[in-house]
Amino acid sequence: AKKFNCSGLHYPVHIAPWGFSGSLGPLGDLRQHSTASFAALNFIAHWEYSMNKTFLQTSAYPFISEVAEFWECWLMKENTSTGYRWVDPHDCTNENCGGNPSDFNPIVSLSFIQRIFSSLVDMAKEMGVQPKPLWLDFVRNLSNYTTVNVTVPNVGPGMIWQFSEPENGHNSPPSPHINPINLYPIWPSEMVNLITSSEEQLTVGLNSVLYMSSWTQGNAFMEI
């Protein structure tokens, strides 16, 4: 995180059982800021399934708080016609932003950020700690996922999630049959779900699954 003049936790990209540092990008992070947040999802899930308060106090809350600390530094407030929103200014959905419309507001990071800060608010309350006002501000005013209109197979015209928010006005849809990382709001972030999501969100999610049609894509089996 210090390399970005921030505090908190920021992880490089790692794969393989004992870690293999990503070689692309100047910092080994493939220009992605979501790696530590991805790891935080496991802590959130363990807490939610176990409700083990000792784990919450000694492991989950300290780790996730440090991940959140990076985003508290990194996210930027942008004025809008109706007030303001928080944006992720430079970040990649795909490795090195390959095939992404931009490096602005990638859907992977936005979905993880939503999950982290909404969970932190609940965790703090469980521990009798006052949530930071900034956490609540992120939950309420983080940028929405960008959508784009496409023809959905067996459905017709419909909106799907974009990989990131275009900055040049050319909102071309992602190609179908590729790694469907625009489905991360459904899983693994679980921010779009049958319990808390609106009918509109569920429709866009289902459209995205049907449009991407990535059933045989090598990275996608765990996602769809």
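Small disclaimer: the values here were computed from a predicted structure and weren't measured. Starting from 1, residues in each chain are numbered consecutively following that chain's sequence as written. Local features in this predicted model are restricted to residues of pLDDT 70 or higher, and side-chain atom pairs are both shown and tallied only at a pLDDT of 80 or more, whereas totals for entire chains, interfaces and linings draw on every residue. Excluding hydrogens and water, the side-chain values take into account all heavy atoms of the structure.

## So, the layout of surface pockets
Gaps left between atoms show up when a probe the size of a water molecule is rolled over them. In this structure, the second largest pocket occupies an estimated 610 Å³ of space. Around the second largest pocket sit 21 residues that line it, and Met 191, Val 192, Asn 193, Thr 196 and Gln 201 are the ones nearest its centre. Think of it this way: any DSSP run of H or I at least four residues long counts as a helix, any run of E at least two long counts as a strand, and we number them from the N terminus. Ranked by the residues each element gives to the lining of the second largest pocket, the list is headed by helix α3 (residues 107-127), at 5 residues. Cavities and pockets are defined on a 1 Å grid built over the protein atoms alone: a cavity is a set of grid points where a 1.4 Å probe fits but cannot escape, while a pocket is an open set with protein on both sides within 12 Å along at least five of seven lines, and lining residues are those with an atom within 4 Å of any such point. Grid points are joined across faces, edges and corners, and a volume is the space filled by probe spheres set on the points.

## Here's the deal with the pattern of salt bridges
Definition used for salt bridges: Asp or Glu carboxyl oxygen within 4 Å of a side-chain nitrogen of Lys or Arg. For the structure on display, the rule yields 6 salt bridges. Notably, a salt bridge pairs Glu 48 with Arg 115, separated by 2.8 Å at the nearest N-O pair. Taken together, the positions of Glu 48 in helix α1 (residues 35-50) and Arg 115 in helix α3 put the pair 67 residues apart, joining distant regions of the chain. Residues participating in the shared-partner salt-bridge network are Glu 48, Arg 115 and Glu 190.

## As for the packing of helix α2 (residues 53-74) against helix α4 (residues 133-141)
Helix axes are fitted to C-alpha atoms over the stretch in contact, other axes to C-alpha atoms as well, and angles between N-to-C directions run from 0 to 180 degrees. Put simply, α2 and α4 touch, their axes get as near as 12 Å, and they point 70 degrees apart. Taken together, the axis directions place α2 and α4 in an arrangement best described as roughly perpendicular. Judged by the sense of rotation from one axis to the other, the crossing of α2 with α4 is left-handed. On α4, the residues that touch Tyr 61, Trp 71 and Glu 72 of α2 are Leu 134, Trp 135 and Phe 138. Any residue that is not Ala, Val, Leu, Ile, Met, Phe, Trp, Tyr, Cys, Pro, Asp, Glu, Lys or Arg is counted as polar, Gly included; the first ten are nonpolar and the last four charged. Of the residues in the contact of α2 with α4, the class split is 5 nonpolar, no polar and 1 charged. Every angle not falling under 35 degrees, over 145, or within 65 to 115 is termed oblique; those three ranges are roughly parallel, roughly antiparallel and roughly perpendicular. Crossings are sorted by hand: turned counterclockwise from the far helix by less than a right angle, the near helix makes the crossing left-handed, and turned clockwise it makes it right-handed. The criterion used for residue contact is that any of the two residues' heavy atoms lie within 4.5 Å.

## A short note on α4
Residues lying three or four places apart along an α-helix face the same way, a consequence of the helix completing one turn every 3.6 residues. Type-normalised accessible area, obtained with a 1.4 Å probe on protein chains alone, sets the label of each residue: buried when under 20%, exposed when over 50%, and partly exposed for intermediate values. Considered for burial, the residues of α4 that qualify are Trp 135, Asp 137 and Phe 138. Taken down its axis, α4 places every buried residue within 160 degrees of arc, on the same side. Relative to its buried face, α4 has exposed residues pointing more than 90 degrees away, namely Pro 133 and Arg 140. Of the surrounding secondary structure, the elements contacted by the buried residues of α4 are α2, β2 (83-87) and α3. Regarding the arc, it is the one traced by the directions from the helix axis to the C-beta atoms.

## Quick notes on α2
Over its 22 residues, α2 extends 30 Å from the first C-alpha to the last, a length consistent with the 32 Å expected when each residue adds 1.5 Å. To obtain the bend at a residue, axes are fitted to the seven residues ending there and to the seven starting there, and the angle between these axes is taken. Approximately 40 degrees is the largest bend angle found in α2, and it occurs at Ala 60, with the proline Pro 62 only one to four residues beyond. Identification of polar contacts relies on pairs of N or O atoms within 3.5 Å, with a donor-acceptor requirement for protein atoms, meaning one able to donate a hydrogen and the other able to accept it, and with residues adjacent in sequence counted only if both atoms are side-chain atoms. For α2, the N-terminal capping position is held by Asn 52, with its side-chain oxygen 3.0 Å away from the main-chain nitrogen of Thr 54. A helix's residues, less one, multiplied by 1.5 Å, set its expected span.

## A look at the pairing of strand β1 (residues 76-80)
Here β1 runs beside β2; their pairing, made up of 5 bridges, is antiparallel. For Asn 79, the partnering residue across the bridge sits in β2 and is Tyr 84. Strands are labelled as partners when DSSP assigns at least two bridges between them. Linkage of β1 to β2, two consecutive antiparallel strands, is achieved through a turn of 2 residues.

## A short note on the environment of Tyr 61
Along the chain, Tyr 61 falls in helix α2. Residue classification places Tyr 61 among the buried positions, given a relative accessible area of 14%. Sequence separation between Tyr 61 and Ala 40 is 21 residues; the distance between their C-alpha atoms is 9.7 Å.

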